[in-house]
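What follows is the residue order along each chain.
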Amino acid sequence: MANNMPNMQDVQEIDLLKLLKELWKRAWIILGAAFIGGILFFLYTFLFITPQYQSTALLYVNNSSLDIGSTKVNITSGDISASSSLIDTYVVILKSRTTLERAIEEGALPYNYEQLVKMVTGSSEKNTPVFKITVTNSDPVMAATICNDLVEIMVDKNSGISGIVEGSSVSVVDYAVVPTQASSPSYMKNTAIGMLLGFVVACGLIILRSLMDSTIREEEFLLDKYKEIPLLATIPDLVEDSHGGYYGYGGSYAKAGEKVRKATVNASSNSQSKGSEG
């Protein structure tokens, strides 16, 4: 029997139903933690994260032919839309040091190359020959200004795409406009993340507290955990409350004691009455 004790103590079973009851019992704590987490993330986003604005311009690049070495290859617009390598070429030209430093110089921008290159992105507009230039900045006017400066450089026949990629021509589809709404941060998204984080943390702490709680509150726990060891006795709770009653198991013992006292008083009264008669 003694040899089996360490093995039974080392194995801890997790009662999922008990954990669910524990979570349900403290649902108000979980909801409160989710609410507080959402409020904290909203305040952090509102107070400490600078809003960013995006301004976008569209260019149409028409490549009727490309010179590859001594060979001239004709390419249709359908071929261009399917070729990601050409879009990658335009992105490289857009973010090159020559292009961005020219934009800094001509626009008298208060940025260096390393700062500006992080604001500029280029991509294909929905897999079409249209090339999209996007500039992200905390100042919406500055974002539109930088974007339009880059447009003018990219359409330049000498230093733009047509000046570098032979056989191509560039035309402006849309110039950049000053954005009226911030592109980031998303208050709703960050608030939802905060609520989810608060919910998960609260559930984790409640489950951890329940698993680490070794207090024995009922005899069924001992009967389930140590099935091979008989339960010899339980100690009743005889703590008297302010109303003269008893908590826990003591209620039944109090009633039994009251019956014994009444029986004793009745027996004593009967004996005294018989003595007086004699």
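Residues numbered from 1 in each chain as written. Predicted model: local features only at pLDDT ≥ 70, side-chain atom pairs only at ≥ 80, totals over all residues. Heavy atoms only, no water.

S.K.: Explain the pattern of salt bridges here, please?
M.R.: Evaluated as defined, the whole model comprises 6 salt bridges. Note that Asp156 is salt-bridged to Arg102, the shortest N-O span being 3.1 Å. With Asp156 in the loop between helix H8 (140-154) and helix H9 (161-164) and Arg102 in helix H6 (residues 97-107), the pair connects residues that are 54 residues apart, well separated along the chain. A salt bridge links Glu125 to Lys132, with the nearest nitrogen and oxygen atoms 3.5 Å apart. You can call Glu125 partly exposed: its relative accessible area is 21%. Given the relative accessible area of 24%, Lys132 is considered partly exposed. Among the charged side chains, a network of salt bridges with common partners joins Arg97, Glu101 and Glu114. (Salt bridge = Lys/Arg side-chain N within 4 Å of Asp/Glu carboxyl O. Helix = DSSP H or I, 4+ residues; strand = E, 2+ residues; numbered from the N terminus. Buried < 20%, exposed > 50% of the residue type's maximum accessible area, 1.4 Å probe, protein only.)

S.K.: Would you mind going over the side chain of Thr45 with me for this structure?
M.R.: Among the secondary structure elements, Thr45 is positioned in helix H3 (residues 27-48). Among the polar contacts listed, one links the side chain of Thr45 to the side chain of Asn190, at a separation of 3.0 Å. In this structure Thr45 touches Pro185, Tyr187 and Asn190, once residues within four positions along its chain are discounted. (Polar contact = N/O pair within 3.5 Å; in protein donor to acceptor, adjacent residues only side chain to side chain. Contact = heavy atoms within 4.5 Å.)

S.K.: Explain helix H10 (residues 187-212) to me, please; I cannot follow it from the model alone.
M.R.: The end-to-end C-alpha distance of H10 is 37 Å, a good match for the 38 Å that 26 residues give at a rise of 1.5 Å each. Along H10, the residues classified as buried are Asn190, Thr191, Gly194, Gly198, Ala202, Cys203, Ile206 and Ser210. Contacts made by the buried residues of H10 are with helix H2 (16-25) and H3. (Expected span 1.5 Å × (residues − 1).)

S.K.: Explain the packing of H3 against H10 here, please?
M.R.: Packed helices, taken two at a time, are described by the angle their axes make and the gap between the axes. At a closest axis distance of 7 Å, the pairing of H3 and H10 adopts a crossing angle of 145°. Seen along the crossing, H3 lies across H10 with a hand that is right-handed. Contacts from Ile29, Ile30, Ala33, Ala34, Gly37, Gly38, Phe41, Phe42, Thr45 and Phe46 in H3 reach Tyr187, Asn190, Thr191, Ile193, Gly194, Met195, Leu197, Gly198, Phe199, Ala202, Cys203 and Ile206 in H10. (Axes fitted to C-alpha atoms, helices over the stretch in contact; angles between N-to-C directions. Left-handed = near helix turned anticlockwise from the far one by under 90°.)

S.K.: How should the packing of H6 against H8 be read in this particular structure?
M.R.: In contact at an axis separation of 10 Å, H6 and H8 are set at 120° when each is read in the N-to-C sense. What the angle tells us is that H6 and H8 run oblique. Here the hand of the crossing between H6 and H8 comes out right-handed. When H6 is examined against H8, the residues Thr99, Leu100, Arg102, Ala103, Glu106 and Gly107 are found in contact with a partner set consisting of Asp149, Leu150, Ile153 and Met154. (Parallel < 35°, antiparallel > 145°, perpendicular 65-115°, else oblique.)

S.K.: I keep staring at unusual backbone geometry and nothing clicks. Help me out?
M.R.: Most peptide bonds are trans, and most residues other than glycine sit at a negative phi. Note the cis peptide between Ser184 and Pro185, where omega equals 0°. Tracing the backbone through its elements, the reader meets Pro185 in the loop between strand E6 (168-174) and H10. Of note, the phi angle at Ala108 is positive, near 50°, even though the residue is not glycine. For Ala108, the position within the fold is in the loop between H6 and helix H7 (113-117).

S.K.: I'm lost on the side chain of Asn148 in this one. Help?
M.R.: Assignment of secondary structure puts Asn148 in helix H8. Side-chain polar atoms of Asn148 contact the backbone nitrogen of Ala176, separated by 2.8 Å.

S.K.: Can you walk me through the packing of aromatic side chains in this structure?
M.R.: Here the distance between the centres and the angle between the planes together describe a pair of aromatic rings. Taken as a whole and judged by the stated rule, the model has 5 aromatic pairs. When the ring of Phe42 is compared with that of Phe46, the centres are 6.3 Å apart and the planes differ by 10°; the resulting orientation is stacked. Placement of both Phe42 and Phe46 in helix H3 is noted, with a separation of 4 residues, approximately one turn of the helix. Here Phe42 falls in the partly exposed class, since its relative accessible area comes to 36%. Judged by its relative accessible area of 52%, Phe46 falls in the exposed class. Between Phe46 and Tyr187, the aromatic rings sit 6.4 Å apart at their centres with planes inclined by 50°, giving tilted as the arrangement. (Phe/Tyr/Trp six-rings, centres within 6.5 Å; stacked < 30°, edge-to-face > 60°.)

S.K.: When you look at the environment of Tyr175 in this model, what are you seeing that I'm missing?
M.R.: With respect to the helices, strands and loops of the structure, Tyr175 is situated in the loop between E6 and H10. When its relative accessible area of 44% is taken as the criterion, Tyr175 is described as partly exposed. C-alpha separation for the pair Tyr175 and Asp149, spaced 26 residues apart in sequence, amounts to 9.9 Å. Not counting residues up to four positions away in its chain, the partners in contact with Tyr175 are Thr56, Ala57, Asn148, Val151 and Glu152. One polar contact links Tyr175 to Glu152, side chain to side chain, over a distance of 3.3 Å.

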